[in-house]
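Letter by letter, the chains look like this.
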Amino acid sequence: MSRLAFVLLLSLVAFEVSAKLQNVTVKGIAVCNKRRVANAHVILIDKDTLDPNDELAQIHTNKEGEFELFGEEDEIGKIEPYIRIHHNCNTQPGCERVSEYQIPQEKIGELYDMTYVTLDIIVHGEKTKCN
Ligand SMILES: *[C@@H]1O[C@H](CO)[C@@H](O)[C@H](O)[C@H]1NC(C)=O
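Per its UniProt entry, the protein chain bears the Subcellular location (unreviewed entry) comment "Secreted". Word for word, the UniProt comment on the protein chain under Sequence similarities (unreviewed entry) is "Belongs to the nematode transthyretin-like family."

Student: Can you walk me through the overall build of the protein chain in this structure?
Tutor: Tallying secondary structure elements over the protein chain gives one helix and nine strands in all. Relative to a compact globule of 131 residues, whose C-alpha radius of gyration would be 14 Å, the protein chain shows 18 Å and is clearly more extended. Per-residue burial for the protein chain yields a buried fraction of 37% across its 131 residues. Of the roughly 8400 Å² that the protein chain leaves accessible, carbon and sulfur atoms contribute 54%.

Student: What is the right way to look at the pairing of strand 7 (residues 95-102) in this model?
Tutor: Every regular strand shows the same layout, with side chains that alternate between the two sheet faces. Where strand 6 (residues 80-87) meets strand 7, six bridges bridge the pair, whose relative direction is antiparallel. Looking at strand 7, one finds that isoleucine 85 is bridged to serine 99. When strand 7 meets strand 9 (residues 127-130), the two strands line up antiparallel, connected through four bridges. Pairing of valine 98 across the sheet is with lysine 127, part of strand 9.

Student: Got a minute to help me understand the state of the cysteines in this structure?
Tutor: In protein structure, a disulfide is the covalent linkage between the sulfur atoms of two cysteines. This structure, assessed with the given rule, holds two disulfides. Paired by a disulfide, cysteine 95 and cysteine 130 hold their sulfur atoms 2.1 Å apart. Around the S-S axis, the bridge from cysteine 95 to cysteine 130 shows a dihedral of about 105° and counts as right-handed. Highlighted residues: cysteine 95 in strand 7 and cysteine 130 in strand 9, separated in sequence by 35 residues. The connectivity of the disulfides in the protein chain is 1-2, 3-4, where the numbers refer to bonded cysteines in sequence order.

Student: What am I meant to see in the site of the ligand here?
Tutor: What surrounds the ligand is the set Asn23, Phe70, Glu72 and Gly109. A distance of 2.4 Å separates an oxygen atom of the ligand from a polar side-chain atom of asparagine 23. Burial of the ligand by the surrounding chains reaches 32%, relative to a free accessible area of 360 Å².

Student: What should I look at first to understand the pairing of strand 5 (residues 66-75) in this one?
Tutor: Side-chain alternation along strand 5 places Phe67, Leu69, Gly71, Glu73 and Glu75 on a buried face and Glu66, Glu68, Phe70, Glu72 and Asp74 on a face that remains uncovered. Bridge count between strand 1 (residues 20-32) and strand 5: 10 bridges; the pairing is antiparallel. Following the sheet pairing, isoleucine 29 is matched in strand 5 by glutamate 66.

Student: Explanation requested: unusual backbone geometry in the structure shown.
Tutor: Leaving glycine aside, a negative phi is the common case for residues, and trans is the common case for peptide bonds. Phi at asparagine 33 is positive, roughly 50°, even though this residue is not glycine. Within the secondary structure, asparagine 33 sits in the loop between strand 1 and strand 2 (35-36). The phi angle at lysine 34 is positive, at roughly 65°, despite the residue not being glycine. Mapping lysine 34 onto the fold places it in the loop between strand 1 and strand 2. Residue classification places lysine 34 among the exposed positions, given a relative accessible area of 85%.

About the criteria used
Residues numbered from 1 in each chain as written. Predicted model: local features only at pLDDT ≥ 70, side-chain atom pairs only at ≥ 80, totals over all residues. Heavy atoms only, no water. UniProt positions renumbered as here; feature names shortened; annotations may be inferred. Helix = DSSP H or I, 4+ residues; strand = E, 2+ residues; numbered from the N terminus. Rg over C-alpha atoms; globule rule 2.2 N^0.38 Å. Buried < 20%, exposed > 50% of the residue type's maximum accessible area, 1.4 Å probe, protein only. Areas by Shrake-Rupley, 256 points an atom, 1.4 Å probe, with all protein chains shown as cover. Pairing = 2+ DSSP bridges. Disulfide = S-S within 2.5 Å. Near = heavy atom within 4 Å. Polar contact = N/O pair within 3.5 Å; in protein donor to acceptor, adjacent residues only side chain to side chain.

Listed below in structure tokens is the structure:
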């Protein structure tokens, strides 16, 4: 066996031993201008995964603006999940805002209830996309 193959095998074994399946459930109600926002696209994503496809789950808010997502992933150390919401709260026509919200580490393995997510508030690092 070549040295490289051996190192690769060793890191695979290390991953199997130390990675553990972790989950998170996140729910909330999207609001804009004090109204519930239906049909906003909400995606649960894990930062720092080895897997390039880091999307864990996605959903659209219902007509009451509610969403609930469950995701789980095998990872070494703690998962760092966040949600990304695509919406058009206070945007120009033809534009959408992409806002991201971190999930606190103490909510891993539990339910994170965000209650009302006020989309009017511009969050750190958010983007606006226009056609
Ligand atoms: C989520 O993770 C917690 C903590 O590890 C565990 O107790 C619970 O059973 C898991 N829930 C599901 C649905 O897998």
